[in-house]
Amino acid sequence: MAHLDTVLRDEQPGDEAAIYQLTRRAFAPMAFAAGDEQDLINALREAGALSMSLVAVRDDQIVGHIAFSPASTADKVRGWYALGPVSVDPALQGQGIGGQLIEAGLVRLSTLKAAGCILTGNPIYYRRFGFVVRPDLAPPGEPAKYYMVRPLGNSSPNEVVFFHPLFHQGPAKASDKG
Ligand SMILES: CC(C)(COP(=O)(O)OP(=O)(O)OC[C@H]1O[C@@H](n2cnc3c(N)ncnc32)[C@H](O)[C@@H]1OP(=O)(O)O)[C@@H](O)C(=O)NCCC(=O)NCCS
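Residues numbered from 1 in each chain as written. Predicted model: local features only at pLDDT ≥ 70, side-chain atom pairs only at ≥ 80, totals over all residues. Heavy atoms only, no water.

A. Molecular detail of the packing of helix α1 (residues 16–27) against helix α2 (residues 37–46). Packing of α1 against α2 leaves a shortest axis separation of 7 Å and a crossing angle of 150°. Side by side, α1 and α2 meet where E16, I19, Y20, T23, R24 and F27 of the first sit next to E37, Q38, D39, I41, N42 and R45 of the second. Class assignment of the residues belonging to the contact of α1 with α2 gives a composition of four nonpolar, three polar and five charged. (Axes fitted to C-alpha atoms, helices over the stretch in contact; angles between N-to-C directions. Helix = DSSP H or I, 4+ residues; strand = E, 2+ residues; numbered from the N terminus. Contact = heavy atoms within 4.5 Å. Nonpolar A, V, L, I, M, F, W, Y, C, P; charged D, E, K, R; others polar.)

Structure, rendered in structure tokens:
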């Protein structure tokens, strides 16, 4: 159960440095991380591709963050989004903050009439949010067994949904960012 005083809100100007440091701290211990997850968020923001950026605030500190960016099919079908990076302060993990951020993001995407959301991450974690492993739809270069799709519209996708190209410009792949 999350702390009662944890508030979720959209990123505001001035939050950038705190989000950067939080993401760096959260991913640093992760063996799979490439270490550039915080740079990806900045790059998406600078490119106007940070479609949604939510923070979790407790005691005036940013303790959680989630990013969503545009994703698309090869024929440019719009309305797809990619989830990640998502981070929670290491000292506060396992209290439901990450889950709150993911749920809130998916609700927001639904209100935007999004087609759905993709990510590459641990299925054990993300299946609780309605993500389904779709190895058949994984973009080339992504680890198929970790590629997951959460349809939000009426139909499931039947073609590959790609991450924003910025996911592939750093040392890490999208698989490291979910
Ligand atoms: C992943 C992360 C955002 C989850 O946030 P959180 O607030 O700790 O998550 P919640 O409290 O909502 O959920 C905790 C549950 O998720 C599980 N979990 C968390 N991260 C997991 C992961 N990478 N793989 C599998 N399970 C995970 C916990 O074991 C726990 O399981 P339980 O409910 O069965 O006990 C957070 O752990 C984090 O910042 N990790 C480092 C960065 C990272 O790995 N980001 C995601 C990359 S795929």
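B. Spatial organisation of the nonpolar core. Ranked by size, the top nonpolar core spans 24 residues in total, and within it I66, L83, L109, Y126 and F131 carry the most contacts. Taken together, the elements giving at least two residues each to this core come down to β2 (52–58), β3 (61–73), β4 (80–88), α3 (97–111) and β5 (116–120). Of the residues forming this core, the biggest block, five residues, is contributed by α3. What L109 contacts, discounting residues up to four positions off in sequence, is M52, F68, Y81, A114, C117 and L152. With 23 residues, the next largest nonpolar core counts V57, Y147, V149 and V161 among its residues. (Core = buried A, V, L, I, M, F, W, Y, C linked by side-chain atoms within 4.5 Å. Buried < 20%, exposed > 50% of the residue type's maximum accessible area, 1.4 Å probe, protein only.)

C. Region of interest: the pairing of β2. Of all seven residues that make up β2, seven are buried, and the element is covered over most of its length. Side chains M52, L54, A56 and R58 project from β2 onto one buried face, and the interleaved S53, V55 and V57 project onto a second face that is buried too. Sheet analysis places strand β1 (residues 7–10) next to β2, joined by four bridges and oriented antiparallel. In the strand pairing of β2, R9 is matched with V55. As judged from the seven bridges shared by β2 and β3, these two strands associate in the antiparallel manner. By the bridge assignment, L54 is partnered in β3 with I66. Where β2 folds back on β3, the antiparallel hairpin that results is connected by two residues, among which D59 adopts a positive phi of roughly 50°. (Pairing = 2+ DSSP bridges.)

D. Summary view of the site of the ligand. With respect to spatial proximity, 19 residues lie near the ligand, and among them V88, G94, G96, G98 and G99 are the closest. Between an oxygen atom of the ligand and a main-chain N or O atom of G94, the distance comes to 2.8 Å. Interatomic distance of 3.2 Å between a side-chain N/O atom of Y125 and an oxygen atom of the ligand. Coverage of the ligand by the protein chains reaches 72% of its 850 Å² of free accessible surface. If you list the elements that add at least two residues to the shell around the ligand, you get α1, β4, α3 and α4 (123–126). (Near = heavy atom within 4 Å. Polar contact = N/O pair within 3.5 Å; in protein donor to acceptor, adjacent residues only side chain to side chain. Areas by Shrake-Rupley, 256 points an atom, 1.4 Å probe, with all protein chains shown as cover.)

E. Representation of the pairing of β3 in the model. Within β3, 10 of the 13 residues are buried, leaving the element largely enclosed by the surrounding structure. With seven bridges connecting them, β3 and β4 associate as antiparallel partners. When the sheet's bridge partners are listed, P70 is paired in β4 with Y81. Inspection of the sheet shows β3 paired to strand β8 (residues 161–162) by two bridges, in the antiparallel sense. In the strand pairing of β8, T73 is matched with V161.

F. Quick peek at α2. Within the span of α2, buried status applies to E37, Q38, L40, I41 and L44. Seen from one end, α2 has its buried residues packed into an arc of 155°, which puts them on one side. One or two positions beyond α2, positive phi appears at G48, with a value near 70°. (Arc of directions from axis to C-beta.)

G. Region of interest: the pattern of salt bridges. Under the criterion given, the structure shown has five salt bridges. For D15, the salt bridge goes to R9, with nearest N and O atoms at 2.7 Å. According to the relative accessible area criterion, D15 is buried, its value standing at 8%. Between D136 and R134 there is a salt bridge, with the nearest N and O atoms lying 2.8 Å from each other. (Salt bridge = Lys/Arg side-chain N within 4 Å of Asp/Glu carboxyl O.)

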